[in-house]
Amino acid sequence: MKAAVLIQRWYRQYAARMEMRRRYTWNIFQSMEYADLQDQIKLYNFLGYLMDNFTPSSSERNLISHIFRENEVCRDAEWERYFSYTNIDVPDIYSGPRLTFPLDMDQAADLVEAFKNKQQLHSRYVLQLLLETWKLLRVLPNINRVSTCHSKEITICGDLHGQLEDLLLIFYKNGMPSLEKPYVFNGDYVDRGKDSMEILLILFAFLLVFPGNVYLNRGNHEDHIINLRYGFTKEVLNKYKLHGKRILKLLQKIFSWLPLVTVIDQRVLIVHGGISDTTDLALIARVDRHRYVSSLRPPKKKTPSRTNVYADSERYVEMVICKNRRGSLTFPKPFDARESFQRRSLQDFSSTVARTLEEEFEVRRRQAEFSLSSFSKSHRILSSALSSDSEPESSEFTDTGNDEWKQILDLLWSDPMSHNGCIPNEVRGGGCYWGPDVTEDFLNRHSLQLIIRSHECKQDGYEFCHNRKVLTLFSASNYYEVGSNRGAFIRLGPDLVPYFVQYQATRMTRGLSFPQNVKRTEHTALKILREQLFVHKSDLLSAFQEIDKENMGLICLNDWASAIERVLHLDLPWRVLHPQLVSSTTDGKLDYHGWFRDLALKKPSSEHIEQTMLETLYRHRSTLETIFRIVDTNNSGLITFEDFRQTLKLLSAYLKMEISDEVINELVISTDTNNDGSIDIDEFMEAFRLANTQQCALQSTKTAVAISNRWFTSSKSNKHQSFQQASPKWE
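As annotated in an unreviewed UniProt entry, the chain carries the name Serine/threonine-protein phosphatase with EF-hands and comes from Sinocyclocheilus anshuiensis. The Sequence similarities (unreviewed entry) comment attached to the chain in UniProt states, word for word, "Belongs to the PPP phosphatase family." Its UniProt record gives the chain a comment under Cofactor (unreviewed entry), which states: "Mn(2+)".

**Q** What is the right way to read the overall build of the chain from this model?
**A** Helix and strand counts for the chain stand at 27 helices and 22 strands. Evaluated residue by residue, the chain yields a buried proportion of 57% over its 731 residues. Put simply, 76% of the contacts in the chain that link residues at least 6 apart link residues at least 24 apart. Total accessible area computed for the chain in this model is approximately 31,900 Å², and 49% of it derives from carbon and sulfur atoms.

**Q** Even after reading the chapter, I still don't get helix 15 (residues 436–446), so can you show me in this structure?
**A** Owing to its 3.6 residues per turn, the α-helix aligns residues three or four sequence positions apart on the same side. Among the residues making up helix 15, those that are buried are Pro 436, Val 438, Thr 439, Phe 442, Leu 443 and His 446. Seen from one end, helix 15 has its buried residues packed into an arc of 160 degrees, which puts them on one side. The inward-facing, buried residues of helix 15 contact strand 6 (268–271), helix 11 (281–286), strand 12 (422–424), strand 13 (432–434), strand 14 (450–453) and strand 16 (470–473). Phi for Ser 447, located one or two positions after helix 15, is positive at around 55 degrees.

**Q** Any chance you could explain the pattern of salt bridges here in plain terms?
**A** A side chain with one charge may pair with a side chain of the opposite charge, provided their charged atoms come close. Counted by the stated rule, this structure contains 19 salt bridges. Close ionic contact of Arg 453 with Asp 415 constitutes a salt bridge, the shortest N to O distance being 2.8 Å. Of this pair, Arg 453 sits in strand 14 while Asp 415 sits in strand 11 (residues 415–416), placing them 38 residues apart in sequence. With a relative accessible area of 0%, Arg 453 lands in the buried category. Taking relative accessible area as the criterion, Asp 415 reaches 1% and is therefore assigned buried. Taking the shortest distance from any N to any O, the salt bridge between Lys 458 and Glu 463 comes out at 3.1 Å.

**Q** How do you make sense of a negative patch on the surface when you look at a structure like this?
**A** Where like charges cluster on the molecular surface, the negative patch consists of Asp 104, Asp 106, Asp 110 and Glu 113. Residue placement: Asp 104 occurs in the loop between helix 3 (76–82) and helix 4 (105–116).

**Q** Explain the environment of Ile 679 here, please?
**A** With respect to the element layout, Ile 679 can be found in strand 22 (residues 678–680). The buried category is assigned to Ile 679, whose relative accessible area is 1%. Distance in space between the C-alpha atoms of Ile 679 and Asp 643 is 9.5 Å, their sequence separation being 36 residues.

**Q** What am I meant to see in the layout of surface pockets here?
**A** It is the rolling of a water-molecule-sized probe over the atoms that shows where space remains empty. Roughly 760 Å³ of internal volume is contained in the second largest pocket. What lines the second largest pocket is a set of 28 residues, and nearest its centre among them are Leu 164, Glu 165, Asp 166, Leu 168 and Ala 505. Residue assignment for the lining of the second largest pocket shows that the elements contributing at least two residues are helix 4 and helix 6 (164–174). At 7 residues, the largest contribution of residues to the lining of the second largest pocket is made by helix 6. Of the residues contributing to the lining of the second largest pocket, the split by class is 10 nonpolar, 8 polar and 10 charged.

**Q** Explanation requested: the packing of aromatic side chains in the structure shown.
**A** Geometry of an aromatic ring pair is reported as the spacing of the ring centres plus the angle between the planes. Enumeration according to the criterion identifies 20 aromatic pairs in this entry. Seen in terms of ring centroids, Phe 464 and Phe 500 are 5.8 Å apart; in terms of plane orientation they differ by 85 degrees. Their pairing is edge-to-face. Here Phe 500 lies in strand 18 (residues 498–503) and Phe 464 lies in strand 15 (residues 462–465), a separation of 36 residues in the sequence. By way of ring pairs, the aromatic residues Trp 26, Phe 29, Phe 474, Tyr 479 and Tyr 480 are connected into one cluster. A cation sits over an aromatic face here: Arg 138 above Trp 134, 4.2 Å from the ring centre. Stacked on the ring of Phe 464, the Lys or Arg Arg 468 has its end atom at 3.9 Å from the ring centre.

**Q** Would you explain the confidence of the model for the chain in this entry?
**A** Residues shown with low pLDDT carry predicted positions that ought not to be read at fine detail. Predicted confidence across the chain gives a mean pLDDT of 75, with 70% of residues reaching 70 or more. Confidence over residues 302–400 falls short of pLDDT 50; this stretch has 230 contacts with residues more than four positions distant or in other chains. Contacts from residues 690–731, a stretch scored under 50 in pLDDT, to residues over four places away or in other chains number 71 contacts.

**Q** How should I be thinking about the packing of helix 17 (residues 537–547) against helix 18 (residues 557–568) in this particular structure?
**A** How two helices pack is summed up by the angle between their axes together with the distance between the axes. Taken N-terminus to C-terminus, the directions of helix 17 and helix 18 make an angle of 135 degrees; their axes are 9 Å apart at the nearest point. With respect to helix 18, the element helix 17 is oriented oblique. Classified by chirality, the crossing of helix 18 by helix 17 is right-handed. Side by side, helix 17 and helix 18 meet where Asp 539, Leu 540, Ala 543, Phe 544 and Ile 547 of the first sit next to Asp 559, Trp 560, Ala 563, Ile 564, Arg 566, Val 567 and Leu 568 of the second.

**Q** I'm lost on the environment of Lys 135 in this one. Help?
**A** With respect to the helices and strands, the residue Lys 135 is situated in helix 5 (residues 123–137). Residue classification places Lys 135 among the partly exposed positions, given a relative accessible area of 32%. Considering only alpha carbons, one finds Lys 135 and Trp 257, 122 residues apart in sequence, at a separation of 9.6 Å.

**Q** I tried to follow the pairing of strand 17 (residues 487–492) on my own but got confused; where do I start?
**A** When a strand is regular, its side chains alternate between the sheet's two faces. By the criterion of burial, strand 17 is predominantly enclosed, with 6 of the 6 residues buried. Of the two faces of strand 17, the one lined by Gly 487, Phe 489 and Arg 491 and the one lined by Ala 488, Ile 490 and Leu 492 are each fully buried. One ladder, built from 4 bridges, connects strand 2 (residues 154–157) with strand 17; its direction is antiparallel. Note that in strand 17 the partner of Cys 157 across the bridge is Phe 489. Looking at chain direction, strand 17 and strand 18 are connected through 6 bridges and run antiparallel.

Rules of the game
Residues numbered from 1 in each chain as written. Predicted model: local features only at pLDDT ≥ 70, side-chain atom pairs only at ≥ 80, totals over all residues. Heavy atoms only, no water. UniProt positions renumbered as here; feature names shortened; annotations may be inferred. Helix = DSSP H or I, 4+ residues; strand = E, 2+ residues; numbered from the N terminus. Buried < 20%, exposed > 50% of the residue type's maximum accessible area, 1.4 Å probe, protein only. Contact = heavy atoms within 4.5 Å. Areas by Shrake-Rupley, 256 points an atom, 1.4 Å probe, with all protein chains shown as cover. Arc of directions from axis to C-beta. Salt bridge = Lys/Arg side-chain N within 4 Å of Asp/Glu carboxyl O. Patch = residues over 30% accessible without salt bridge, like charges linked within 9 Å, V, L, I, M, F, W, Y side chains within 5 Å. Lys, Arg positive; Asp, Glu negative; His and termini not counted. Charge placed at Lys NZ, Arg CZ, Asp CG, Glu CD. 1 Å grid on protein atoms, 1.4 Å probe; cavity = no way out; pocket = protein on both sides within 12 Å on 5 of 7 lines; lining within 4 Å. Points joined across faces, edges and corners; volume = space filled by probe spheres on them. Nonpolar A, V, L, I, M, F, W, Y, C, P; charged D, E, K, R; others polar. Phe/Tyr/Trp six-rings, centres within 6.5 Å; stacked < 30°, edge-to-face > 60°. Lys NZ or Arg CZ within 6 Å of the ring centre and 35° of its normal. pLDDT = per-residue confidence, 0-100. Axes fitted to C-alpha atoms, helices over the stretch in contact; angles between N-to-C directions. Parallel < 35°, antiparallel > 145°, perpendicular 65-115°, else oblique. Left-handed = near helix turned anticlockwise from the far one by under 90°. Pairing = 2+ DSSP bridges.

What follows is the structure, encoded as structure tokens:
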């Protein structure tokens, strides 16, 4: 008995330690993901700020204006001519699937098999399939209504995020969509994974074959602004270099026409993000959803100076084409400092009804916390392929449809919380957190019994909350790292009781024990965390020195943990993590200078400002790449020297740091490795890849210091070696 108790005690301690490691690993991954989302929204807000405050003719404004052309007004027939595929020839040597329309089940199955074998669909068939999908989506309602009486079960899938293996495994386990096997897919089909395009084409093909048995909801990643950062834009341009721009534009249209909600048997609501205390299904059913090309930005009410009225037989009665300029409204007080601007969430950028100047003064006096921000005015013109010559400009104010926009924003971005109430979702930067009381009230008002949502990765693929009245479903397995989580889908029969099927799609997880999986994911999470500590080294050093008043180089672990949290704002259990991050202490004190050396990520630099500048670029390299993608208006992967200069100027304004023209010129010359007068985005970003192992970190450190000296000091030498010769790729 004593031996049994001893073994039991040992095992319980062991299991508790493994569970603790699993939880903090998960917290690291999630904290990093949400911090990155905040960075993207801050950048978008900042660019909107520039759009509203730069003069209309400024080069900076012209550089970024195209991402704000969200409501390009044009007859559908004209868009269909722009997206025409008839002039694209398919060569005889093409061995991929060939589609004929209308599609049938065999062709959809052949498409699945082709993608399983790593084949690529020709751009002619891609455009044709997408165009047919767009035509179908335009006649669908905002709320899909589904009944279980025509089939035994309905299958519901959550986020897929470009992971084709997961979709193929679902079809293998559950069967492909058919008249007897209806499916509901709950958004976030794209980004992060490498096969987002293939997933979309498969789902759209089955939608065309079985329009009454395949239902697609929109997710927050079905948004061209989000796609710029998280990989879908880059994926499409890499796979379809010649026609990628048209494909992206057509997908932008398709995303805006995806239905928002699905209701099963009038009892189960399926929505990507969630609800709020103001969510009203009657209002959602009436919304013109295609106006919200990006859910991050409400549409604006335009005051045209010259109008062209069209009659559209399919969707529009009257539409107005106009170009807009910055409004002339005089503000009673200047804009807030950029620091406070970047901290705002999307709820702070509420649109304002057009008012007289006196009324605006009064509102600003009573509601000082609101300012007319990036969502106050926008620069909307038709795309270069469809736009006419320049027209007289007109002022533009926000529309009264702000309530509609908030409804859609809440549907796509919100998350549940454990306590009552409804508060802004500051972790993501958009939507809200809603509590059990909000769920109860919403279900009672709409005579529903269950909300199924996605939007959040769960370790088991699903999770109940709010007294089992809210179910989170996530179908992308191994989302953060191989073995990090299982995916799941559910079957829902007439009794409306969900039956769960869990899986992991990667073969690498087979044969690995639970401790091995935990160790693998923990290693990846800690590597990411050490990287964050590296890029914040200067800030952390300053925070430690503020605590270390006597300049002894020692601080206690409590102070170490609190200082890191103040700098990184990741809400992690640093005291629990310290054994993984701190190798040794002396009498409970940490030698923080030695700790930085132990990280083996960067050798201390003698010139503090160079080190700080380099860390800043490392920290914001995703933002830098996003700006590159925005500046690359023709989606070629190349930008001109002048656009490159403007990119660095935008980055310097966003980060509040100064880069001199001499340094920019030096960087331009160093970066043009093949002397073609353009800068390759991918090659440039390769220089910002951090060392993957500690063995090559020292060499990378020496290279980084050399580049730092080269970039951020004015060189009087006329020698300009190539960028790759000066800095091998940091891998």
